[in-house]
2 protein chains.
Amino acid sequence: MRIGELADEAGVSVRALRYYEEQGLLTAERSGSGQRHYGDAAAERVRLIQLLYSAGLTSRTIADLLPCVDAKVSTPESRARLAAERDRIDTQIAELTKTRDRLDAVIALSTAPESNCVVALA
Amino acid sequence: MRIGELADEAGVSVRALRYYEEQGLLTAERSGSGQRHYGDAAAERVRLIQLLYSAGLTSRTIADLLPCVDAKVSTPESRARLAAERDRIDTQIAELTKTRDRLDAVIALSTAPESNCVVALA
DNA sequence: CTAAAACCTGACGCTGACGTCAGAGGCAAG
DNA sequence: CTTGCCTCTGACGTCAGCGTCAGGTTTTAG
C-alpha cells in the first residue's frame with residue numbers, strides 16, 4: 001500500500017502521513033527507490049492517531065502512549081501515563097458537558113415563550 | 001476593579017483580558033487616563049469565556065454567541081447558531097468518550113495478569 | 001518509449017490564543 | 001517628590017498541525 005492509497009483509505013492528507021512519520025507515530029517500509037509502503041494495519045493505526053489528536057493529545061503525548069498500546073509493555077510509568085491521559089480526557093468530558101448544559105439553558109431561554117428568565121439562569 | 005485584579009480573580013493573564021477585549025468578548029469602562037475598569041460581573045464573564053474556549057470554540061464564534069447569552073435576543077439565526085455549537089460539543093463528547101474507553105481497554109490489558117489479550121481488543 | 005500521475009525531500013506559510021519585550025505614562029505611600 | 005508597581009499601546013515571537021510550492025525522481029498507463 002502506497003502513501004496516497006493509505007491517505008484515501010484513512011481519510012487524511014498525504015502531508016499528514018509524512019508528518020506522523022516525522023513525529024514518530026507511524027513507520028513505513030521503504031522500497032529501493034525510497035517510496036513508503038504500508039501494511040494493512042496502517043489505516044487502522046492512522047484512525048487511532050486521528051482519534052487521539054481529536055481528543056486534544058499532542059504528537060509528543062501520542063508518541064509516548066502508542067508504544068504502550070502496541071507492545072503491551074507495562075511499566076509502572078507507562079500505566080501512569082495512560083491513566084493520566086485518561087483522567088485528563090475525563091475532566092475534559094466533564095467540562096464539555098458543563099458547557100453543553102450551559103448552552104442548553106441559553107437555548108431553552110431563547111426558545112421559551114417569555115417565562116421567568118432570570119430565575120432559570122441560576 | 002482594575003485589570004490586574006480581574007486577572008487574578010478570574011485566573012487568566014492580563015494579556016488575555018486585553019485580547020478578549022480586542023476580540024469583542026469583553027468591554028471595559030475607561031478612566032480619564034485610559035485605564036480599564038471592570039464591574040463585579042466581569043470575573044464571571046471571563047470564566048464563561050474561558051469555558052467556551054476550553055470547549056474548542058474560537059473567538060469569532062464566542063463573539064457571535066455571547067450576545068445571545070446576554071441580551072436574550074432570539075432570532076432564528078442565533079438559535080440555529082447556538083444549536084449548531086451545542087451539537088458540535090455533543091459530537092465531541094461522544095468522540096472523547098470513545099477515546100477514553102479505548103484507553104481504558106488498553107489500561108485493562110496492561111494491568112491484567114496475562115489473560116487473553118487479543119480477544120479483548122476487539 | 002513517453003507522458004501523466006504519484007512520490008520524494010526540504011522549506012516556507014498559515015492560523016489562533018496568547019507571551020513577551022519596548023517605551024512611556026499613571027498612582028498610592030513614605 | 002520620588003520610588004516602585006501598575007497600566008497603556010504597539011508589535012514581534014511562539015507552537016502545533018498541517019498546507020503548499022519548488023525542483024527532482026519513479027512508477028504506471030497507453
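Residues numbered from 1 in each chain as written. Chains lettered and ligands numbered in written order. Predicted model: local features only at pLDDT ≥ 70, side-chain atom pairs only at ≥ 80, totals over all residues. Heavy atoms only, no water.

By the naming in an unreviewed UniProt entry, chain A goes by MerR family transcriptional regulator and is assigned to Paractinoplanes lichenicola.

**Notes on the protein's contact with DNA strand C**
The immediate surroundings of DNA strand C are formed by 20 residues, with Gly 4, Arg 18 and Arg 36 of chain A together with Ser 13 and Ser 59 of chain B found nearest. Backbone atoms, meaning sugar plus phosphate, form 75% of the atoms of DNA strand C positioned within 4 Å of the protein. In this structure, Arg 15 of chain B approaches DNA strand C through a side-chain N or O atom, which is 3.0 Å from a base oxygen. Here a phosphate oxygen of DNA strand C sits 3.3 Å away from a polar atom, N or O, in the side chain of Ser 33 of chain B. Secondary structure elements with two or more residues in the surface near DNA strand C: α1 (3-10) and α2 (14-22) of chain A together with α2 (14-22) of chain B. With 4 residues, the top contributor of residues to the surface near DNA strand C is α2 of chain B. For the surface near DNA strand C, the class distribution of residues is 6 nonpolar, 8 polar and 6 charged. (Near = heavy atom within 4 Å. Polar contact = N/O pair within 3.5 Å; in protein donor to acceptor, adjacent residues only side chain to side chain. Helix = DSSP H or I, 4+ residues; strand = E, 2+ residues; numbered from the N terminus. Nonpolar A, V, L, I, M, F, W, Y, C, P; charged D, E, K, R; others polar.)

**Section: the relation of the copies chain B and chain A**
By a simple turn and slide, chain B fits onto chain A: the slide is 0.0 Å along the axis, the RMSD is 0.2 Å, and the turn is 179°. Here the copies are linked by what is in effect a two-fold axis. Closest approach to the rotation axis within chain B is made by the C-alpha atom of Ile 93 of chain B, at a distance of 3.0 Å. When you check the interface residues of chain B against chain A, 100% turn up at the interface there too, and the contact is symmetric in its surfaces. (Least-squares fit on C-alpha atoms with pLDDT ≥ 70 in both. Contact = heavy atoms within 4.5 Å.)

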